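# Chains, contacts and geometry: an overview
Below are the chains, spelled out letter by letter.
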Amino acid sequence: MSVPVRQIRARYSTTTITVYQAYPPQIALPAVSAGRFVAPFKRDRMTWIKPSFLWMMYRCGWATKPGQERVLSIEITRAGFEWALAHACLSHYDRDLHGDAATWAQQVKTSPVRVQWDPERSLRLTALPYRSLQVGLSGEAVHRYVDDWIVAVEDVTPAVEQIRDLLRRGDEQAAAARLPAERGYPLPDRIAVGLAASPDVAAAPGVPLDGTARGN
């Protein structure tokens, strides 16, 4: 299946979408217990959420990088997620989208959300020829995220470790079967334009995408 160059792929329902973050135990474990982020999580810092499981694995090295030993699966409302995207600014200047560099620079300063398209990753974490969206929340967006959008927080580190161990043993088929099922997220047109997303980004429901999920 051909995958659009800039497409959000995620687990989602009619009302929620799953994103991922990785933290040290002292932040992750209290968040799981409380069902939301609490101290020592800091609201005054930008926090990045990632809809792509495999991009999160690339970022945290399958939960092996210092300070990223616990991987959290965070279910948030689609309304909140789309609010973030509607109030976002690209982290890089796009002449067609912003008109001029000064306009973009002003948006970066005033927007509570920053987004960037990074190369999606395969099961072996090599770069793929299409992109995955990362969403950085700051200011008002962080408060909305913590107080209003979060539906559930789950520590999925044991599942991450299982997949990592299968890959180390060379059993890619079994590893792929344990990936969370992701599909193209349907964006409202006005949001897609603001993100410079590829057109026709919605994937058929339940259809696996190359380099992502093959099952739950």
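Use the structure listed above.
Everything numeric here is computed off the predicted structure, so don't read it as measured data.

Of note, the bond from Ala39 into Pro40 is cis; its omega dihedral lies within 30 degrees of zero at 15°. On the secondary structure map, Pro40 appears in the loop between α1 (25–34) and β3 (47–49). The phi torsion at Leu125 lies on the positive side, around 70°, for a residue other than glycine. Mapped onto the fold, Leu125 is located in the loop between β6 (113–121) and β7 (127–137). Residue classification places Leu125 among the buried residues on the basis of a relative accessible area of 16%.

On to the nonpolar core. Ranked by size, the top nonpolar core spans 40 residues in total, and within it Phe37, Ile76, Leu85, Leu137 and Tyr145 carry the most contacts. By residue number, the principal contributor to this core is helix α6 (residues 140–149), which donates 5 residues. Those residues in contact with Leu85 that sit more than four places away from it in its chain are Ile8, Val115, Leu133, Val135, Leu187, Ile191 and Leu195. With 21 residues, the next largest nonpolar core counts Val156, Ile163, Leu166 and Ala175 among its residues.

Quick look at the sheet that holds strand β4 (residues 70–77) now. Backbone-to-backbone hydrogen bonds join strands into a sheet, with any given pair of strands oriented parallel or antiparallel. The antiparallel open sheet is built from 3 strands, whose spatial order is β2-β4-β8. Every interior strand has two partners, whereas the edge strands, β2 (16–23) and β8 (150–155), have only one. Mean inter-strand twist for the sheet, computed between neighbouring axes without regard to direction, equals 25°. The pairing of β2 with β4 spans 8 bridges and is antiparallel. In the strand pairing of β4, Tyr23 is matched with Arg70. Helix-sheet contacts for helix α2 (residues 53–60) involve β2 and β4, and the interaxial angle to β2 is about 10°. Across the sheet, helix α3 (residues 78–86) touches β2 and β4, and the angle it forms with β4 is around 95°.

Quick look at the side chain of Ser138 now. Assignment of secondary structure puts Ser138 in the loop between β7 and α6. Beyond its immediate sequence surroundings of up to four residues, Ser138 is in contact with Met46, Ser111 and Pro112.

Here the focus is the sheet that holds β7. If you trace the 4 strands from one edge of the open sheet to the other, you get β3-β7-β6-β5, paired in mixed fashion. Across the chains shown, the open sheet's two edge strands, defined by having one partner strand only, are β3 and β5 (88–90). The sheet shows a mean angle of 40° between the axes of neighbouring strands, taken without regard to direction. Bridging between β5 and β6 involves 3 bridges; their strand directions are parallel. Bridge assignment links Ala88 to a residue of β6, and that residue is Val113. α2 rests against β6 and β7 of the sheet, and its axis sits at about 90° to β6. The strands touched by α3 within the sheet are β5, β6 and β7, with β7 carrying the most contacts at an inclination of about 95°.

Before going further, it helps to examine the environment of Gln116. Locating Gln116 in the fold gives a position in strand β6. Measuring from C-alpha to C-alpha, the distance between Gln116 and Ala88 comes to 9.9 Å, with 28 residues separating the pair along the chain. Apart from the residues lying within four places of it in its own chain, the contact partners of Gln116 are Trp48, Ser91, Ser132, Leu133 and Gln134. Of the polar contacts made by the side chain of Gln116, one reaches the side chain of Asp118; its length is 2.9 Å.

This brings us to the pattern of salt bridges. Applying the stated rule across the entire model yields 7 salt bridges. Notably, a salt bridge pairs Asp165 with Arg164, separated by 3.9 Å at the nearest N-O pair. Among the charged side chains, a salt-bridge network with shared partners connects Arg36, Arg43 and Asp147.

A word on the layout of surface pockets. Taken as a whole, the largest pocket encloses approximately 490 Å³ of empty space. Along its surface, the largest pocket is lined by 21 residues, and Ala22, Tyr23, Met46, Thr47 and Trp48 are the ones closest to its centre. At the level of secondary structure, the elements contributing two or more residues to the lining of the largest pocket comprise β2, β3, α2 and β6. Of the residues belonging to the lining of the largest pocket, the class tally is 10 nonpolar, 6 polar and 5 charged. When its volume is computed, the second largest pocket comes out at roughly 280 Å³. Lining the second largest pocket are 17 residues; nearest its centre among them are Arg11, Tyr20, Val156, Ala159 and Pro180. Contributing elements (two or more residues each) for the lining of the second largest pocket: β2, β4, β8 and α7 (157–168). Residues belonging to the lining of the second largest pocket are distributed by class as follows: 9 nonpolar, 4 polar and 4 charged.

Scoring rules and cut-offs
Every residue gets a number counted from 1 within its own chain, in the order that chain's sequence is written. A pLDDT threshold of at least 70 governs which residues receive local features in this predicted model, and a stricter bar of 80 or more applies before side-chain atom pairs are shown or counted, although totals over entire chains, interfaces and linings include all residues. The side-chain numbers reported here are obtained from all heavy atoms of the structure, hydrogens and water having been left aside. In DSSP terms, a helix is any run of H or I states spanning at least four residues, a strand is any run of E spanning at least two, and both are numbered starting from the N terminus. A simple rule labels every residue: compare its accessible area, found with a 1.4 Å probe on the protein chains alone, to the largest value its type can have, and call it buried under 20%, exposed over 50%, or partly exposed in between. In plain words, nonpolar cores are sets of buried Ala, Val, Leu, Ile, Met, Phe, Trp, Tyr and Cys residues tied together by side-chain atoms within 4.5 Å. Throughout, a residue-residue contact means that at least one pair of heavy atoms, one from each residue, lies within 4.5 Å. For two strands to pair, DSSP has to find at least two bridges joining them. What counts as an axis is a line fitted to C-alpha atoms, over the stretch in contact for a helix, and the angles between N-to-C directions run from 0 to 180 degrees. Think of a polar contact as two N or O atoms within 3.5 Å of one another; within protein, one of them needs to be a possible hydrogen donor and the other a possible acceptor, and neighboring residues in sequence only count if both atoms come from side chains. We define a salt bridge as a side-chain nitrogen of Lys or Arg found within 4 Å of a carboxyl oxygen belonging to Asp or Glu. Here a cavity denotes a set of grid points, spaced 1 Å apart and computed over the protein atoms alone, in which a 1.4 Å probe fits but from which it cannot get out, and a pocket denotes an open set meeting protein on both sides within 12 Å along at least five of seven lines; residues with an atom within 4 Å of a point are reported as lining. Grid points are joined across faces, edges and corners, and a volume is the space filled by probe spheres set on the points. Throughout, the ten residues Ala, Val, Leu, Ile, Met, Phe, Trp, Tyr, Cys and Pro are labelled nonpolar, Asp, Glu, Lys and Arg are labelled charged, and all others, Gly among them, are labelled polar.

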